[in-house]
Amino acid sequence: MSGLFNTFNVAKRGMQAQQTSLHVVSHNIANANTEGYSVQRANLKTTTPFGMPSLTTSAEPGQIGTGVKVDSITRSRDEFLDFYIRKETSTLENYKAREQFLSQIETVFTEPSDTGIGTLLTRFWDAWQGLATNPESSTSRELVRSNALALCEGVRHNYTQLEDIESSVSDLMQNQVFEVSSMLKQIADLNEQIKAVTIGGKNPNDLMDRRDLLLDKISERLSIKTKPTDYNGIELYGYEEYTDENGMTKTREVKLITDTKIEKVMYFISDAVITDPNNNTINKKDFPKTINFPITVKFKGYINGDFNNQFESQEVTINDSKELQNYFQVDKDNPNKILNIMPHIFYGTGENKNPNVNLEGESGIKPVKFANGSFKGLEALSDEINKYKNQLNKLAKGIAIAVNTIHNDGSNNEGVPFGNFFDNVAEISDVPAKNLKLVADIENGKLDKINAGKAGSKAGNGERALLIGQLRNTRFNITQLNDRNDFIGSLKGVNLDLTNLKMTSNASGATLEGYYKGTISELGVSNQEAKRMVKNQENLVDQLVIRRESVSGVSIDEEMTNMLQFQRAYEANAKMISVIDQLLDVVVNGLLRR
């Protein structure tokens, strides 16, 4: 039954509950600017009342309340919004990774500009046409030489810059692998702490906030989903792409974490050591490289992207170009030509310094193609960089073969046969863009080595120079060009008549300038698309984040209102205790005086 002492306890419980609520408000205000923090609420509940009928308790007019207690302290969180934000963040980071570096690639080509390859090509053809009108002029010959040197330097410089960007992409990917691996370990550790606190009967709100923040960060790198387990633990899954038996690209889940156990370890591939049938060794630095089958490959890199944790895989035997594409990016026009390692990240079932490479089974390591996130964006970007490098190589090879085919004929005024204009290493190399240069004599200023006319003419009658200048508008099959016979065969009609100096275009081919402009146009479209997608995704993610902040964010105004509410309730309960104290004084001391 109730009494003054019981009423005293009610007020005491009230003070304690309001004090706890004030503590929660204080915690919210303190973390108003903490990243990933979710606002917390003290949930109040009435305690068990008096007046429950029983054999020894008579019925009373009604149940007498015994006060209030803090039933739980919970955080405000919308799991659906979390899932949706992480999903759209993965898409955003995919496009942001591409857009960032595509803008750099556009800067490399600097088109249109006075220093771009397009302008250098125009000046090169103009110089040859100028030589055709005045073949005996040393000034015209020097213009051909100087513009050719500028063109070679421009092509080589652009190719080197693309290699530098490719290296930056690889370094960034390795750093992100290290970052994600570290976060996976932190999530596994947090799962252990969260489960321990939950088993103890409490809500680990701050720990779950830290875990959710890590999940948000990981979603920037790869597409993820979570599944709850007992005691607030989670299973974490990533998504990867695969090709089914019908050649369709699909996605599937890959379990990354089960509570406190990390299921997949990330292996970053930094190099591939290839041994060809002639026992030659080929490394990543040698790419692009045309190879003969069968080959054996050892992959080298870093476990979890950690420089201090290196590995070297067991040998993999590759017998044909179809198998080759499981591990490398290849030239679509020459599937035996390796452009780059692709993909750069493998999944493993554990940390192993000498793992087996297994495409199908669960043991060992195997390549992973991420379905979304910055990992997918960087892999796609690496693929695009190699595409532009490959197109630059084909442009350089086309220039060298076309010009040399026409130039290398006849003799000078001493009867000595003319040689090439460009060094023929650009014709036979897998990386002609790095090797495009003039033959040594012409590069060193021997202008009489420039062939401007028909065979047997002294300084040249200008007809051969005119024919080289006409390459500006001559169409031929640049993408399938392997040697001079391919160049001659790709022309139409009378083809190339070096005796009468005649040449006819192939309408189905492309000019060198047109091929280059097509590359630049493709780059521009890709970059604009990436910028557009980044802008759209940023707007979408921003809206979702605002919605989540309205649910989980700390509102200072709201917290101040709550603070005043709990303060007044605390003061009222304190006043109640004061009143009860006076009543007890009357009962104890007042009755004695009477």
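As the structure is a computational prediction, the values presented were derived from the model and not from experiment. (Residues numbered from 1 in each chain as written. Predicted model: local features only at pLDDT ≥ 70, side-chain atom pairs only at ≥ 80, totals over all residues. Heavy atoms only, no water.)

S.K.: Quick one: what's the story with unusual backbone geometry, residue by residue and with numbers?
M.R.: The omega torsion across Phe287 and Pro288 is -5 degrees, close enough to zero to call that bond cis. Assignment of secondary structure puts Pro288 in the loop between β8 (281-282) and β9 (289-290). Here Asn279, not a glycine, exhibits a phi torsion of approximately 65 degrees, which is positive. Non-glycine residue Asn304 carries a positive phi angle of around 60 degrees. Secondary-structure assignment places Asn304 in the loop between β10 (295-303) and β11 (310-312). (Helix = DSSP H or I, 4+ residues; strand = E, 2+ residues; numbered from the N terminus.)

S.K.: Explain the packing of helix α3 (residues 117-133) against helix α4 (residues 138-199) residue by residue, including any values.
M.R.: Working note: a packed helix pair is described by the angle between its axes plus the distance between those axes. Where α3 contacts α4, the two axes come as close as 9 Å, and the packing angle between them is 160 degrees. On the basis of their axis angle, the class for α3 and α4 is roughly antiparallel. Relative to α4, the crossing made by α3 is left-handed. Where α3 approaches α4, its residues Ile117, Leu120, Leu121, Arg123, Phe124, Ala127, Trp128, Gly130 and Leu131 are matched on the opposing element by Ser140, Arg141, Leu143, Val144, Asn147, Ala148, Ala150, Leu151, Gly154, Val155 and Asn158. Here the residues of the contact of α3 with α4 are counted per class, giving 13 nonpolar, five polar and two charged. (Axes fitted to C-alpha atoms, helices over the stretch in contact; angles between N-to-C directions. Parallel < 35°, antiparallel > 145°, perpendicular 65-115°, else oblique. Left-handed = near helix turned anticlockwise from the far one by under 90°. Contact = heavy atoms within 4.5 Å. Nonpolar A, V, L, I, M, F, W, Y, C, P; charged D, E, K, R; others polar.)

S.K.: Can you break down α4 residue by residue, with the values?
M.R.: In this model, α4 (62 residues) spans 91 Å end to end at C-alpha, consistent with the 92 Å of a helix rising 1.5 Å per residue. Put simply, Ser137 is the residue that caps the front of α4, since its side-chain oxygen is 3.2 Å from the backbone nitrogen of Thr139. Backbone geometry just after α4 places Gly201 at a positive phi near 90 degrees. (Expected span 1.5 Å × (residues − 1). Polar contact = N/O pair within 3.5 Å; in protein donor to acceptor, adjacent residues only side chain to side chain.)

S.K.: Would you mind going over the side chain of Asn283 in detail, with residue names and values included?
M.R.: Looking at the secondary structure, you find Asn283 in the loop between β8 and β9. For Asn283, a relative accessible area of 17% gives the class buried. Excluding residues that lie within four positions of it along the chain, Asn283 makes contacts with Asp271, Ala272 and Val273. (Buried < 20%, exposed > 50% of the residue type's maximum accessible area, 1.4 Å probe, protein only.)

S.K.: How would you summarise the pattern of salt bridges if you had to cite specific residues and measurements?
M.R.: Tallying each qualifying case throughout the model produces 41 salt bridges. In this structure, the salt-bridge partner of Glu384 is Arg98, at a minimum N-O distance of 2.6 Å. With Glu384 in helix α7 (residues 373-407) and Arg98 in helix α2 (residues 79-109), this residue pair connects regions lying 286 residues apart in the sequence. Summarising the burial analysis for this pair, Glu384 and Arg98 share the class buried. Lys227 is the partner of Glu253 in a salt bridge, and the nearest nitrogen-oxygen pair spans 3.7 Å. One end of the pair, Glu253, is in strand β5 (residues 249-258); the other, Lys227, is in strand β3 (residues 224-228), and 26 residues separate them in sequence. Using a relative accessible area of 35% as the deciding quantity, one classes Glu253 as partly exposed. Bridged by salt links that share partners, the residues Arg75, Arg77, Asp82, Arg86, Asp209, Asp212, Asp216 and Arg548 form one connected network. (Salt bridge = Lys/Arg side-chain N within 4 Å of Asp/Glu carboxyl O.)

S.K.: Explain the sheet that holds strand β13 (residues 328-331) residue by residue, including any values.
M.R.: A sheet is described by the order of its strands in space; here three strands give the open sequence β9-β14-β13, paired in antiparallel fashion. A single partner strand is all that each edge strand has here, and the edge strands are β9 and β13. Relative to strand β14 (residues 334-341), β9 runs antiparallel, the two being bridged by two bridges. Opposite Lys289, over in β14, you have Ile338 as the bridge partner. Its contacts with the sheet place α7 against β13 and β14, and it is angled at close to 30 degrees to β13. (Pairing = 2+ DSSP bridges.)

S.K.: Lay out the nonpolar core with the relevant residues and their values.
M.R.: Formed by 93 residues in total, the largest nonpolar core has its most connected members in Ile105, Phe421 and Phe422. Ranked by the residues each element gives to this core, the list is headed by α4, at 17 residues. Contacts of Phe421, omitting those with residues within four sequence positions, involve Phe124, Trp128, Val144, Ala148, Val403, Asn404, His407, Leu438, Val439, Ile442 and Ile450. Within the second largest apolar cluster, 24 residues are counted, among which are Val265, Phe287, Ile295 and Ile338. (Core = buried A, V, L, I, M, F, W, Y, C linked by side-chain atoms within 4.5 Å.)

Distances and angles like these do not, on their own, reveal function.
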